[in-house]
Amino acid sequence: PEAALQVLSLGGDEWILSLRGRAYAEAFRELIQLKGVGPKLADCIILFALHNTEAVPVDTHVWQAATRLYFPEWRGRSITESRYRAVGDYFRHRFGPLSAYVQQFLFFDNVRNWRARKRSSAAEPS
């Protein structure tokens, strides 16, 4: 309820829609000021509601794919706020406005193939 009241105090629908025309970083900064909105939710809003494809929501599946492909030094480690930011920044730097499409592909691939990867890693000798 507090976030909804904050949005209303900022201008309601007009304020939300005004974020659509802003740069990713600016929209992100605005959204995480709302009570209860963290980095992942802000990225989801920016991607799915504001249609900005520089947003990279990092959930467990994207995290697993990112650590497998781009950040092997973090494989098996927990995601932190700074690591979350590093993954998104890496995608934005490397893929620009295609970042969200890469994120969606990695999400889908990880969900679809995680069991096979789990079986093959369990079968590998230590």
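The residue numbering used here restarts from 1 in each chain and proceeds along that chain's sequence as written. Two thresholds apply to this predicted model, a pLDDT of at least 70 for residue-level local features and 80 or more for giving and counting side-chain atom pairs, whereas whole-chain, interface and lining totals are computed over all residues. Neither water nor hydrogens contribute to the side-chain values; these are computed over all heavy atoms in the structure.

Cavity means a closed set of points on a 1 Å grid over the protein atoms alone, one where a 1.4 Å probe fits but cannot get out, pocket means an open set with protein on both sides within 12 Å along at least 5 of 7 lines, and lining means a residue has an atom within 4 Å of a point. Grid points are joined across faces, edges and corners, and a volume is the space filled by probe spheres set on the points. Of the pockets and cavities examined, the largest pocket occupies roughly 320 Å³. When residues in the lining of the largest pocket are grouped by element, the largest group, 6 residues, is from helix α7 (residues 99-123). Counted as a void, the second largest pocket has a volume near 200 Å³. Along its surface, the second largest pocket is lined by Tyr24, Ala25, Phe28, Ile32, Val37, Gly38, Pro39, Glu81, Tyr84, Arg85, Asp89 and Arg92. Elements represented by at least two residues in the lining of the second largest pocket include exactly α3 (24-31) and α6 (81-95). Element by element, the count of residues in the lining of the second largest pocket is highest for α6, at 5 residues. Under the DSSP-based scheme used, a helix requires at least four consecutive residues in state H or I and a strand at least two consecutive residues in state E, with every element numbered from the N terminus.

Throughout this description, the term nonpolar core refers to a set of buried Ala, Val, Leu, Ile, Met, Phe, Trp, Tyr and Cys residues connected via side-chain atoms within 4.5 Å. Only protein chains enter the area calculation, which uses a 1.4 Å probe; residues under 20% of their type maximum are buried, those over 50% are exposed, and those in between are partly exposed. Membership of the largest hydrophobic core comes to 15 residues, with the highest contact counts inside it found for Trp15, Leu19, Leu31, Leu34 and Ile46. At the level of elements, α2 (13-19), α3 and α4 (39-49) are the ones that each hand at least two residues to this core. Ranked by residues supplied to this core, first place goes to α3 with 4 residues. Any pair of residues with heavy atoms lying within 4.5 Å of one another is described as a contacting pair. Residue contacts for Ile46: discarding those within four places in its chain leaves Tyr24, Ala27, Phe28, Leu31, His51, Asn52 and Ala55. Val56, Trp63, Phe71 and Leu106 belong to the second largest nonpolar core, which has 13 residues in total.

Moving on to the packing of α3 against α4. Axes here mean lines fitted to C-alpha atoms, for a helix over just the part in contact, with angles spanning 0 to 180 degrees between N-to-C directions. Between α3 and α4, the shortest axis-to-axis distance is 9 Å and the interhelical angle comes to 125 degrees. Here α4 runs oblique to α3, going by the angle between their axes. In this structure, α3 meets α4 at a crossing whose hand is right-handed. Here Tyr24, Ala27, Phe28 and Leu31 of α3 come into contact with α4, specifically with Pro39, Ala42, Asp43, Ile45 and Ile46. A breakdown of the residues in the contact of α3 with α4 according to their chemical character gives 8 nonpolar, no polar and 1 charged. Every angle not falling under 35 degrees, over 145, or within 65 to 115 is termed oblique; those three ranges are roughly parallel, roughly antiparallel and roughly perpendicular. If you view the pair so one helix is near and one far, a crossing is left-handed when the near helix is turned anticlockwise from the far one by less than a right angle, and right-handed when it is turned clockwise. Only Asp, Glu, Lys and Arg are considered charged in this grouping, and only Ala, Val, Leu, Ile, Met, Phe, Trp, Tyr, Cys and Pro are considered nonpolar; every other residue, Gly among them, is considered polar.

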